[in-house]
Every structure is written in C-alpha cells, then in structure tokens.
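So you can see what is in the structure, the chains are spelled out below.
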Amino acid sequence: TTVSVGQLAKLLNVRLRTLQRKMEEAGMQAEMSYDYVLTSDYAALLAEEFGRHPIINDEAAFDLYPPSPHPNPQTLPSRPPIVTIMGHVDHGKTTLLDTLRSSTVAASEAGGITQHIGAFCVPVKTGSDSESTIEGHERLITFLDTPGHAAFSAMRARGTSVTDIVVLVVAADDGVMPQTLEVVELVRREKERGKIGMVVAINKVDKPEADAEKTKLALLAAGVLLEEHGGDVPCIEVSGLTGKGLADLVETLAVMADVMDLRAEQDCPTVGCVLESRIHKGLGPVATVLVTRGTLTPGTPLLAGTSSCSTRRLLSSSAHPLNSVGPGTPVLVTGWKSLPSAGDEVLASSEADIKRARANRQRKRELESVIGGVEAINAARKADKEKEGKERTLAKLKKARSEQLEGEGKCVVPEEVEKTNLRVIVKGDVSGSVEALMGAIEGIGNHLAGVTIVSSGVGDVSDSDVMMAKAAQAIIIAFSVSVPRSVQASASQDHVPIYSSDIIYRVMDDIQDRVISLLPCTY
Ligand code: GDP
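Throughout, a residue's number is its position along its own chain's written sequence, starting from 1. In keeping with the model being predicted, local features are shown solely for residues with a pLDDT of at least 70 and side-chain atom pairs are shown and tallied solely at 80 or more, while totals for entire chains, interfaces and linings include all residues. For side-chain calculations, the full set of non-hydrogen atoms in the structure is used, while hydrogens and water are omitted.

Under an unreviewed UniProt entry, the protein has the name Translation initiation factor IF-2, mitochondrial and belongs to Paxillus rubicundulus Ve08.2h10. Quoted verbatim from the Sequence similarities (unreviewed entry) field of the UniProt record, the comment on the protein reads "Belongs to the TRAFAC class translation factor GTPase superfamily. Classic translation factor GTPase family. IF-2 subfamily." UniProt positions are given in the numbering used here, feature names are shortened, and annotations may be inferred rather than shown by experiment. According to its UniProt record, the protein has this under Subcellular location (unreviewed entry): "Mitochondrion".

What follows is the structure, given as structure tokens:
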C-alpha cells in the first residue's frame, strides 16, 4: 500500500508543512511534494515520529462514552440476570438450551418459531412471590447461547463480560472432565474481578448409568463446594432431554439473582453490548444487542465500534416486534449501516455526535494501523537480526557437536526443522462464532506445526475467498455457512480444500489432523 504526502498529513491530522519539516530533518527533501507517493515503509516511519507525540486536538479526539454510574444504585429497578451455560463437550449444553428455549416459546405462543439470535429470555414461574417482579413485566432470566466459552473469553478480552451467573453442566454418566475444570477455573478468576455466581447442573440423570453422587464428589475434589457439602454453590439434577429439573434450575437462578440484587438504570441513554451480528437476507446487517443500561426504542441512533445504526426494528428471539427494550434483555436490532463486531460496546446518542465519533474512531483506527505497521516492520527487522545471530551460534554449535560425534563414530545430529503452519481462511455465519472458532483453532499445534489464519469473515464462501486461498495455499473453513455451487466448482478446479461443518469440535478435530500431517516424520 502507498500513501501520498498530502494524504499522510491528513491521516496524521498534522499540517502539511509540519510533516514536510519532519521529512526535511530526515533527509527526504526529494520526496516532500504534496502528491509524492510514499511507500508504506516510509509512511509508517513518519507516522511513528508523530505517534510518539500524538497531536490530537479536542475536536479530533471526540468520542462517545457511557453515562456515569448512577449515584444511588440501590434505588434502581431490578433487572433480569444474564446466564451463560458452560461445560465439557457433549455434556448436553446445546440440548439444555434448546429445551429451555423451545419450552419458553411453546408457552408464549402456540406453534411459534424461534430464531437463533445469540440469547433468549425465559420467564420465571413463581407462585405468590410478586415483590421482586419487574414492574409491569414477568420475571425473566436471559440465557446467552453464543457458542461455548470461547465466545465468553473473546468478550472478556474486550472487557465486556456481561455474564452474571454461569451454569456449569456436568453429565452424570461422564463426570468431571478437562473442560469442566476449565470452567471452574474461569469462574474462580472471574470472581476475583467482580461478582459472578455459579450453579451446577448435573445433567443426563435420566440415563441408567448416571451417577450423580459420584459426580458431586468429583466436583468436591475439584474444589467446587456444593451447598449439600456445606458450600455456597447450588446443585440441581436435570435432564436436558426430558426436561426434568429445568423448572428447578430456573427457580434456583431466580433466587440467586435476587441475592445478587442486580439492578440497572432505565432512564439514561442506552448502553449495551453486541452479542452477534450477521447479514440477514432481507433485513441487511442485523446485530443482537444486549441492553445493559437505559431503554432502547426504534429510531434511536446507535454506535458500536465504527458501525452506526438508526435503529429501525427491534425483534425478540421469537421474532416479535418490540416497542422498547430494557436492561438485561437481548434484542435483534435492524438498521445497521455496516456490521458491528461481537463484544463491541453499543452507545446511544444524537445522530450528529454519532457521526463525529464514528469519523474520529475510524481515523484513529487508520492511524493505529499505520503505526501498527511501523511496529510490525520494526519487530520483523529485530526478529531477523536476532535470528541471524542465533543461527550463527546454533550452526556453530551443531557443527562442533557433529564433528565431535563423528569423531566418536556416532550418528550425526539431524538438521534443524523449520516450523510449518497450516494456513486457514475462516468464514462463519455470525461474528461471534467466527471469533470463537478462530480462538479455538489458533491454539492448535506445537513448536513444529501450527495454524495461521490468513483471513476471516462473516458470510457465505465466495470466489474471492477461493482466490485468496489459492494464492496463500490455504484451506477454507465454512462454519455454518453455505458454499454456492459455482464457488465449489472453482475451488475444486483450483485444488482449494473447503471444510464445511457447523460443529466447532469437528472443525477442531479436522484442523488438528491436518496440522499433525504437517509434522516432520520423527526419527
Ligand atoms: P454439548 O456438546 O454440551 O452441547 O452437548 P449436546 O447438547 O450436543 O449433547 C450431546 C449428546 O448428549 C447428544 O447426543 C444429546 O442427545 C445427549 N444428551 C444431552 N442431554 C441429555 C440428557 O439429559 N439425557 C440424555 N440421555 N442424553 C442427553
């Protein structure tokens, strides 16, 4: 990429003359004219000069921020708890969520359809308890169903962890497994950062080989103190398949939420978080927003990252149009001008302020990518230098050692092997699942072979994905998206492998196999 001197000055938000003076100092007199085209290398170095002493005037730094915290939080109305279901693979998370979701819809509308929007609400059926009822509404529990804890980690990494309570699902026929322990550890770390609750759901108790007691003891051994063992973690025996115990689970979550005393403002500008986003055929870019503060209504201008939205329609997970959405409630928002990313903070403001903040965020992002370019170039140069030095000593060592061994009549030390990486292009249905998948497969491999993600995106596999894969000698993963027949044809012509699946663990297994096949054979 290239940039002209004039463009660079604009990008850096400095006067042309200022930039030219810097160039003069650097001995670049010949390249100083307004329309001289600089290579990215030079542009990046110049940006660094300014990046070190950012020249930002107040107007250019304009951004939006959430309204300051309410002075008397204990006086605010209560809100539904946000619940995430986690646990080992195949322990029944999806089944549990499906049963919870479908029983809710079945209860609210005969033959109603559910759409997957990344979260849904379940009403709490309480007897005489009316005191803690949210004004005018029934009590609700919001379940997030973004895939597994990879999405959870992605959000937490952006500081937008929204979960109040984790339901740890443990299958009673399988017991405590590695990912069970990961969740226990995750909740422990999360607890240090703030309040988060945990409920254990011992699942699959309908199975004859289920051993709930053994599973509970294994949890105790893992440091989870259940109520029945004198601790504070509630434990419910359930079956996601038959629905047994689910009412109990919902009730327990409601009680726990009461104890946690979750409250949020309803009369302030809307704040929220993007759970998922995708292009909807017909509705265009749509995003599931979890409102955390304020009340969202159609017509509200929103900003998430650098995507703006003039909220057109608000749709519930059962495709119902809504007139207003309060804290703790997920809603599908239409009217986005571009696709926001999962984990982005959503803020409401006037259209003019959103326009200004968006322009400045975009400029900042461009600047960061120029400065990022400088850092990448410098890091690469440094690594090259270090590698040179290391290789020299390594080569010397090896030579000395093999001479010694040869002298002793033993074998020669094998040549150093280069690390090879499987190159991957990831396409997925929603940004949350693309991020989750990327997070999961990036960890595959060792010091000899691993995974490099060449590119990623939301939407069907396209011809340009195939072209890029061919150029980069990459494989394409189609995660819950389709591959049009014409694209399939060009992929097979170009010998570009496309792996389609909608099960994250299958994809991981396949990638693992491919990475293993890249490993050099052992001696
Ligand atoms: P996930 O990987 O944790 O999402 O697990 P799934 O929900 O996909 O369930 C894995 C397998 O266990 C599926 O074959 C389910 O039908 C089965 N399963 C899930 N819950 C139950 C249950 O409560 N009882 C029984 N018998 N099988 C279950």
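**A few points about the nonpolar core**
Residues Ile85, Leu100, Ile141, Phe143, Val167, Leu249 and Leu253 are the most contacted members of the largest nonpolar core, which totals 26 residues. Breaking this core down by element, the ones donating at least two residues are strand 3 (82-87), helix 4 (93-108), strand 4 (119-123), strand 5 (140-144), strand 6 (165-171), strand 7 (197-203) and helix 8 (246-260). For this core, the leading source of residues is helix 8, giving eight residues. Residues contacting leucine 253, with those up to four places away along its chain left out, are Val83, Ile141, Phe143, Ile165, Val167 and Val199. Buried Ala, Val, Leu, Ile, Met, Phe, Trp, Tyr and Cys residues that are joined via side-chain atoms within 4.5 Å together make up what is termed a nonpolar core. Per-residue accessibility, obtained with a 1.4 Å probe over protein chains only, is compared with the maximum for each type, and a residue is labelled buried under 20%, exposed over 50%, and partly exposed between these values. Every helix listed is a DSSP run of H or I at least four residues long, and every strand listed is a run of E at least two residues long, numbered separately from the N terminus. Only heavy atoms enter the contact rule, under which two residues are in contact if any of them lie within 4.5 Å.

**Digging into the pattern of salt bridges**
By definition here, a salt bridge exists when the distance from a side-chain nitrogen of Lys or Arg to a carboxyl oxygen of Asp or Glu is within 4 Å. Per the stated rule, a full pass over the model turns up 17 salt bridges. A salt bridge links aspartate 164 to arginine 79, with the shortest nitrogen-to-oxygen separation between them at 2.9 Å. Residue aspartate 164 is located in the loop between helix 5 (148-157) and strand 6, and its partner arginine 79 is located in the loop between helix 3 (40-51) and strand 3; the two are separated by 85 residues in the primary sequence. For arginine 79, a relative accessible area of 18% corresponds to the buried category. For aspartate 261, the salt bridge goes to arginine 263, with nearest N and O atoms at 3.0 Å. Of the residues examined, arginine 263 reaches a relative accessible area of 34% and is grouped as partly exposed.

**Brief notes about the sheet that holds strand 13 (residues 314-315)**
Hydrogen bonds between backbone groups are what pair the strands of a sheet, and the pairing can be parallel or antiparallel. Whether two strands pair depends on DSSP finding at least two bridges between them. Read across the open sheet, the seven strands follow the order 12-11-15-9-10-14-13; overall the sheet is antiparallel. Only two strands of the sheet have a single neighbouring strand rather than two, namely strand 12 (307-310) and strand 13. With six bridges joining them, strand 10 (residues 284-293) and strand 14 (residues 329-334) adopt antiparallel strand pairing. Paired with valine 289 across the bridge in strand 14 is valine 331.

**Let's talk about the pairing of strand 3**
Most of strand 3 is tucked away, with six of its six residues classed as buried. In this structure, strand 3 lies alongside strand 5, joined through three bridges in parallel fashion. Note that in strand 5 the partner of valine 83 across the bridge is phenylalanine 143. Sheet analysis places strand 3 next to strand 6, joined by five bridges and oriented parallel. Looking across to strand 6, one finds that threonine 84 is bridged to valine 166.

**A word on the pairing of strand 14**
The element strand 14 is largely enclosed, with a buried count of six among its six residues. Burial along strand 14 is two-sided: Thr329, Val331 and Val333 facing one way and Pro330, Leu332 and Thr334 facing the other are all buried. Pairing between strand 13 and strand 14: two bridges, direction antiparallel. Counterpart to leucine 314 in the pairing with strand 14 is valine 333.

**Describing the site of the ligand**
For this description, a residue counts as near a given molecule or strand if any of its non-hydrogen atoms is within 4 Å of it. Asp90, Lys93, Thr94, Thr95 and Asp206 are the nearest of the 15 residues found near the ligand. For the ligand, an oxygen atom lies 2.8 Å from a polar atom in the backbone of lysine 93. Polar contacts here mean pairs of N or O atoms no more than 3.5 Å apart (in protein, one a potential hydrogen donor and the other a potential acceptor; neighbouring residues in sequence count only if both atoms are side-chain atoms). A distance of 3.1 Å separates an oxygen atom of the ligand from a polar side-chain atom of serine 239. The protein chains hide 74% of the 580 Å² of surface that the ligand would expose on its own. Ranked by the residues each element gives to the shell around the ligand, the list is headed by helix 4, at three residues. Here the shell around the ligand is built from residues that sort into two nonpolar, eight polar and five charged. Here the open area of atoms and residues is found with the Shrake-Rupley method and a 1.4 Å probe, where only the protein chains shown may cover a residue. In this count, Pro and Cys sit with the nonpolar residues alongside Ala, Val, Leu, Ile, Met, Phe, Trp and Tyr, while Asp, Glu, Lys and Arg are called charged and the others, Gly among them, polar.

**Some words on the sheet that holds strand 4**
In spatial order, the strands read 4-5-3-6-7-8; together these six strands make up an open sheet with mixed pairing. Where the open sheet ends on each side, the last strands, each with one partner, are strand 4 and strand 8 (235-237). Averaged over all pairs of adjacent strands, the angle between their axes in this sheet comes to 30°, without regard to strand direction. When strand 4 meets strand 5, the two strands line up antiparallel, connected through five bridges. Bridge pairing in strand 5 links phenylalanine 120 to phenylalanine 143. In this fold helix 6 (residues 178-193) packs onto strand 3, strand 6 and strand 7, with an angle of close to 160° to the strand it touches most, strand 6. To obtain each axis, a line is fitted to C-alpha atoms, and for helices this fit is confined to the stretch in contact; angles are then taken between N-to-C directions over 0 to 180 degrees. Strands in contact with helix 8 are strand 3, strand 4, strand 5, strand 6, strand 7 and strand 8; relative to strand 7, the strand with the most contacts, it is inclined by about 170°.

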